[in-house]
Amino acid sequence: GIDPDAFIEIVRESARSRGIGYSTFFDLHAADIAHRRASGTGKLYIAAKDTALARALGASLGYPMPLLDVASAAFDEARRAGWGEREFTTVAEVIEQRLGAWIFGKPLRGSP
């Protein structure tokens with residue numbers, strides 16, 4: 001029930017105080033996801049390809065990358081759903097469908 005903008009600011013502030021919740025991806029895209037805006041930053045099929053390539057490289061070097069495995073699976077699921085041409089932040093809809101709940105309290109673009 002927290003206001004999305006307040007939540008985003010809390011996470012950003014935690015980074016300024018050396019908190020662990022911050023990431024560049026979050027900083028760049030959280031507001032667009034929360035407010036259902038397209039940022040125009042890239043296609044989902046490209047993100048799916050790039051995560052698969054990164055996983056293959058890590059595997060060839062023997063590095064376990066469990067977070068990348070989860071992200072890659074979500075991108076693959078979105079691509080299989082026919083969302084490859086949509087913006088890559090659409091992957092949030094996969095997470096919502098898995099949870100059976102909306103991330104920020106209202107449906108994302110195209111969600112049921």
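Above this note sits the structure.
**Some points on the pattern of salt bridges**
And then number 1: Taken as a whole and judged by the stated rule, the model has seven salt bridges.
And then number 2: The salt bridge partner of Glu85 is Lys43, with a shortest N-O separation of 3.7 Å. With a gap of 42 residues between them, Glu85 in the loop between helix 4 (66–80) and helix 5 (91–99) and Lys43 in the loop between helix 2 (24–34) and helix 3 (44–60) connect regions that are remote in the sequence.
And then number 3: On the basis of relative accessible area, Glu85 is assigned to the exposed category, the value being 55%.
And then number 4: Classification of Lys43 as partly exposed rests on a relative accessible area of 35%.
And then number 5: When the shortest N-O distance is used, the salt bridge between Arg55 and Asp69 registers 2.8 Å. Here Asp69 lies in helix 4 and Arg55 lies in helix 3, a separation of 14 residues in the sequence.
And then number 6: Classification of Arg55 by relative accessible area gives partly exposed; the value is 33%.

**Let's talk about the nonpolar core**
And then number 1: Judged by nonpolar contacts, Leu44, Ala47, Ala48, Ala74, Phe75, Ala78, Trp83, Phe88, Val91 and Val94 together constitute the single largest core of 10 residues.
And then number 2: Those elements that provide at least two residues to this core are helix 3, helix 4 and helix 5.
And then number 3: Within the second largest apolar cluster, nine residues are counted, among which are Ile8, Ile33, Ala34 and Phe104.

**What about the packing of aromatic side chains?**
And then number 1: Summed over the entire model, instances satisfying the criterion amount to one aromatic pair.
And then number 2: The interplanar angle of 75 degrees and the centroid separation of 6.1 Å between the aromatic rings of Phe7 and Phe26 together place this pair among those described as edge-to-face. Note that Phe7 is positioned in helix 1 (residues 4–16) and Phe26 in helix 2, a separation of 19 residues in sequence.
And then number 3: Judged by relative accessible area, which is 32%, Phe7 ranks as partly exposed.

**Here's the deal with the packing of helix 3 against helix 4**
And then number 1: At their nearest, the axes of helix 3 and helix 4 sit 9 Å apart, and the two run at 145 degrees to each other. Relative to helix 4, helix 3 is oriented so that their crossing is left-handed. Packed against helix 3, whose contacting residues are Leu44, Ala47, Ala48, Thr51, Ala52, Ala54 and Arg55, the element helix 4 presents Leu68, Asp69, Ser72, Phe75, Asp76, Ala78 and Arg79 at the interface.
And then number 2: Of the residues that constitute the contact of helix 3 with helix 4, the class distribution is eight nonpolar, two polar and four charged.

What counts, and at which threshold
Residues numbered from 1 in each chain as written. Predicted model: local features only at pLDDT ≥ 70, side-chain atom pairs only at ≥ 80, totals over all residues. Heavy atoms only, no water. Salt bridge = Lys/Arg side-chain N within 4 Å of Asp/Glu carboxyl O. Helix = DSSP H or I, 4+ residues; strand = E, 2+ residues; numbered from the N terminus. Buried < 20%, exposed > 50% of the residue type's maximum accessible area, 1.4 Å probe, protein only. Core = buried A, V, L, I, M, F, W, Y, C linked by side-chain atoms within 4.5 Å. Phe/Tyr/Trp six-rings, centres within 6.5 Å; stacked < 30°, edge-to-face > 60°. Axes fitted to C-alpha atoms, helices over the stretch in contact; angles between N-to-C directions. Left-handed = near helix turned anticlockwise from the far one by under 90°. Contact = heavy atoms within 4.5 Å. Nonpolar A, V, L, I, M, F, W, Y, C, P; charged D, E, K, R; others polar.

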